[in-house]
Amino acid sequence: MYIFGYGSLINHQSRKLTGQTGEALPAKVSGLVRSWGKVDGTYKIAPLVAVEGHGVCNGVLVPIQGIVLKDFDRREKGYRRIELDPTSLIVEGCDMPNVPVWAYVRSDVEPPCQVKPIMQTYVDTVLAGCFSISQQFAKTFVETTSGWHHPLFDDRQQPRYGNYVGVSENKQALIDSLVTDIRRDVSGIQKNGKTE
């Protein structure tokens, strides 16, 4: 079976903290909308969430053995695991085997706030994973994620995200450039009175 990872599961080293997986395949799923949002009281940060809707979300298909599914369910507490429609998957250069593909979603999105902000180390972990695929993949990730205008806390000196791994210093400059650009663009849109 597969898990479609659209956030920290994009990062190979972060995935390894939870369980053994096979090699991930870059993919897109239609019918999911990704944004920054709060999950529940156990989360001290606002991670990425996806809801079912009209949109396309890039991420990775991660092959797993059924025995480790419970470990990923535990990691993704506060989310609901759904089986994706195989016709919603776009995987270049690969025919998908006829096996279940799971994704962790929310029913609704509650925006980040000052108490539970977007955490820089979470952003770093996800985007380091994106850059390991390609610069275009990272750019697509940023452009198809909403909520960049919400509070973002720089915790690089004292990381608050528990699965923070796989982020080299040379990647931080690339990450900062991408995030600065999207936050500036979103801020400009809001000032002009348009919606995101």
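Look a little higher up for the structure.
Caption draft 1: Geometry of the packing of aromatic side chains. Counted according to the given criterion, the structure contains 5 aromatic pairs. On the basis of an interplanar angle of 70° and a centroid distance of 5.7 Å, the ring pair of Trp36 and Tyr122 is categorised as edge-to-face. Separated by 86 residues along the polypeptide, Trp36 in strand E2 (residues 25-36) and Tyr122 in helix H3 (residues 120-133) bring together distant segments of the chain. Each member of the pair, Trp36 as well as Tyr122, is classed as buried. When the ring of Trp36 is compared with that of Trp148, the centres are 5.3 Å apart and the planes differ by 75°; the resulting orientation is edge-to-face. In this pair, Trp36 is assigned in strand E2 and Trp148 in the loop between strand E8 (145-146) and strand E9 (152-153), connecting sequence segments 112 residues apart. For the pair Trp36 and Trp148, a shared accessibility class is recorded, and that class is buried. Here the aromatic cluster, defined as three or more aromatic residues joined through ring pairs, consists of Trp36, Tyr122, Trp148 and Tyr161.

Caption draft 2: A look at the nonpolar core. Formed by 55 residues in total, the largest nonpolar core has its most connected members in Phe4, Leu84, Leu127, Phe141 and Trp148. Excluding residues within four positions of it along the chain, Leu127 makes contact with Ala138, Phe141, Val142, Ile175, Leu178 and Val179.

Caption draft 3: Structural detail: the environment of Pro97. Within the secondary structure layout, Pro97 lies in the loop between strand E5 (89-90) and strand E6 (101-105). In this structure Pro97 comes out as partly exposed when scored by relative accessible area, which is 38%. Residues Pro97 and Asn170, spaced 73 residues apart in sequence, show a C-alpha to C-alpha distance of 37 Å.

Caption draft 4: Examining H3 more closely. Taking 1.5 Å of rise per residue, 14 residues should cover 20 Å, and H3 covers 20 Å from first to last C-alpha, within 8% of that figure. Taking burial as the measure, the 14 residues of H3 include 12 buried ones, the bulk of the element. For H3, the set of buried residues is Gln120, Thr121, Tyr122, Val123, Asp124, Thr125, Val126, Leu127, Ala128, Gly129, Cys130 and Phe131.

Caption draft 5: Main features of the packing of H3 against helix H4 (residues 135-143). Close contact between H3 and H4 brings their axes to 5 Å; oriented N to C, the two are set at 140°. Between H3 and H4, the angle is such that the two are oblique. Contacts between H3 and H4 pair Val126, Leu127, Cys130, Phe131 and Ile133 from the former with Gln135, Phe137, Ala138, Phe141 and Val142 from the latter. Its residues assigned to classes, the contact of H3 with H4 comprises 9 nonpolar, 1 polar and no charged.

Caption draft 6: View of the pairing of strand E1 (residues 2-5). Residues Tyr2 and Phe4 point to one face of E1 and Ile3 and Gly5 to the other, with burial holding for every one of them. In this structure, E1 lies alongside strand E3 (residues 48-63), joined through 4 bridges in antiparallel fashion. Residue pairing in the sheet places Phe4 in a bridge with Leu61 of E3. Bridge count for E1 against E6 is 2 bridges, and the pairing is parallel. Across the sheet, residue Ile3 finds its bridge partner in E6, namely Trp102.

Conventions and cut-offs
- Residues numbered from 1 in each chain as written.
- Predicted model: local features only at pLDDT ≥ 70, side-chain atom pairs only at ≥ 80, totals over all residues.
- Heavy atoms only, no water.
- Phe/Tyr/Trp six-rings, centres within 6.5 Å; stacked < 30°, edge-to-face > 60°.
- Helix = DSSP H or I, 4+ residues; strand = E, 2+ residues; numbered from the N terminus.
- Buried < 20%, exposed > 50% of the residue type's maximum accessible area, 1.4 Å probe, protein only.
- Core = buried A, V, L, I, M, F, W, Y, C linked by side-chain atoms within 4.5 Å.
- Contact = heavy atoms within 4.5 Å.
- Expected span 1.5 Å × (residues − 1).
- Axes fitted to C-alpha atoms, helices over the stretch in contact; angles between N-to-C directions.
- Parallel < 35°, antiparallel > 145°, perpendicular 65-115°, else oblique.
- Nonpolar A, V, L, I, M, F, W, Y, C, P; charged D, E, K, R; others polar.
- Pairing = 2+ DSSP bridges.

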